[in-house]
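Observations on the model geometry
Now for the letters of each chain:
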Amino acid sequence: MEFKLANKNVFVSAASTGIGKAVAKLFLTENCNVTICSSKIDKLEKTSSELNVLNNGKIHFVKCDINNLDEIENAVKSAEEKFGTIDILVNNCGGPAPGFFDDLDEAKWKQGFDQVLMSAVRFTRLVLPKMKAQKWGRIINITSISVKQPIDNLLLSNAFRSGVTAFSKTLSNQVGQFNITVNNVAPGLTLTGRLHELAEIRAKQAKVSKDEMLKKMAADIPLKRLAQPEEIASTVVYLASEIGGYINGQTIVVDGGFNKSTY
Ligand SMILES: NC(=O)c1ccc[n+]([C@@H]2O[C@H](COP(=O)([O-])OP(=O)(O)OC[C@H]3O[C@@H](n4cnc5c(N)ncnc54)[C@H](OP(=O)(O)O)[C@@H]3O)[C@@H](O)[C@H]2O)c1
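Throughout what follows, the structure given in this document is the object of discussion. (Residues numbered from 1 in each chain as written. Predicted model: local features only at pLDDT ≥ 70, side-chain atom pairs only at ≥ 80, totals over all residues. Heavy atoms only, no water.)

Below, the discussion takes up the pairing of strand β1 (residues 9-12). Burial along β1 is two-sided: the residues Asn9 and Phe11 and Val10 and Val12 are all buried. The pairing of β1 with strand β2 (residues 33-38) spans 4 bridges and is parallel. Note on β2: the bridge partner recorded for Val10 is Val34. In this view, the connection linking β1 to its parallel neighbour β2 by way of helix α1 (residues 18-29) has right-handed handedness. As judged from the 3 bridges shared by β1 and strand β4 (residues 88-91), these two strands associate in the parallel manner. Bridging across to β4, Phe11 finds its partner in Leu89. (Buried < 20%, exposed > 50% of the residue type's maximum accessible area, 1.4 Å probe, protein only. Helix = DSSP H or I, 4+ residues; strand = E, 2+ residues; numbered from the N terminus. Pairing = 2+ DSSP bridges. Right-handed = clockwise from strand over helix to strand, strands pointing away.)

This is the structure we're talking about:
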């Protein structure tokens, strides 16, 4: 089976580390042209030089705070100037602030809205006209297992990722006629910087070490282990490929069986 992705232009947001970086890396190994963005230039430079070794000249980076519309516009423009029309958009974002209802003030709700929901809407709005014109495109949002089973202290994630899910399902109905698919990949517990941060918080609350908390998290998963970022990335690349081209309007959960619901 071939993915047939060579020379496709890919944009991955929030991709200096973690799942976004793993997604960018896998597209590079498929010989795509990949633009990554994140808010910290030093992290982007480091990741870019690391990934450039894989596929010389096919990675491009641009600093972009995805909470900011002007920076999003600039990032898309920069990617288009470097490689041309974006064929595949992967909407990733940093995890929104954790917290229970009483921990979240107006400012945190507004930031979660911009970061999780509006960043996906804004990137999509900018790339969609050219995807429609060329009658081919893929939009893939990284969401979370929280859309199937809300996580207690991640209220912003629970709320706004459900918004992304509804947004992408609705959009998929409207743009399928242009040979554009829109899907979500919902990771479960995945070993990245974000998970280490969350484990640290939960460890303090439970008065155990972070390593003990990570072990406890893994024990709650039927596969008895946490995911590697590459295991999320492979699903993203499959959805982007020609052979994954009939999957549309879906949320694919990649969680080792953690979610207890039947659908
Ligand atoms: N890891 C998990 O277990 C898990 C599970 C379910 C869902 N998720 C979700 O999947 C997404 C990726 O998670 P991850 O685990 O890969 O996180 P991560 O390792 O912490 O990486 C987050 C990325 O987001 C970038 N970022 C943060 N704020 C940004 C901003 N304002 N503008 C642009 N980029 C920004 C960071 O780069 P800079 O610091 O350079 O900006 C970094 O590249 C998150 O939304 C997370 O909530 C993760």
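From this point, the discussion proceeds with the structure in view.
The strand order across the open sheet built from 7 strands is β3-β2-β1-β4-β5-β6-β7, with neighbouring strands paired in parallel fashion. Strand pairing shows two members of the sheet lacking a second neighbour, β3 (59-63) and β7 (251-254), which therefore form its edges. Neighbouring strand axes in the sheet, compared pairwise and without regard to direction, differ in orientation by 20 degrees on average. Sheet topology note: the β2/β3 ladder contains 5 bridges and is parallel. The residue bridging Ile36 from the neighbouring strand is Phe61, located in β3. Where helix α3 (residues 69-83) meets the sheet, its contacts fall on β1, β2 and β3, and the angle it forms with β3 comes to roughly 160 degrees. Across the sheet, helix α4 (residues 106-134) is in contact with β1, β2, β4, β5 (137-142) and β6 (180-187); its angle to β4 comes to roughly 175 degrees. (Axes fitted to C-alpha atoms, helices over the stretch in contact; angles between N-to-C directions. Contact = heavy atoms within 4.5 Å.)

If charged atoms from side chains of opposite charge come close, those side chains can pair. Summed over all chains, the structure comprises 8 salt bridges. The salt bridge involving Glu50 is made with Lys21; its shortest N-O contact spans 3.0 Å. Placement of the pair is Glu50 in helix α2 (residues 41-52) and Lys21 in helix α1, with a sequence separation of 29 residues. The salt bridge involving Asp114 is made with Arg122; its shortest N-O contact spans 3.4 Å. On the basis of relative accessibility, which here comes to 22%, the residue Asp114 falls in the partly exposed class. For Arg122, a relative accessible area of 14% corresponds to the buried category. (Salt bridge = Lys/Arg side-chain N within 4 Å of Asp/Glu carboxyl O.)

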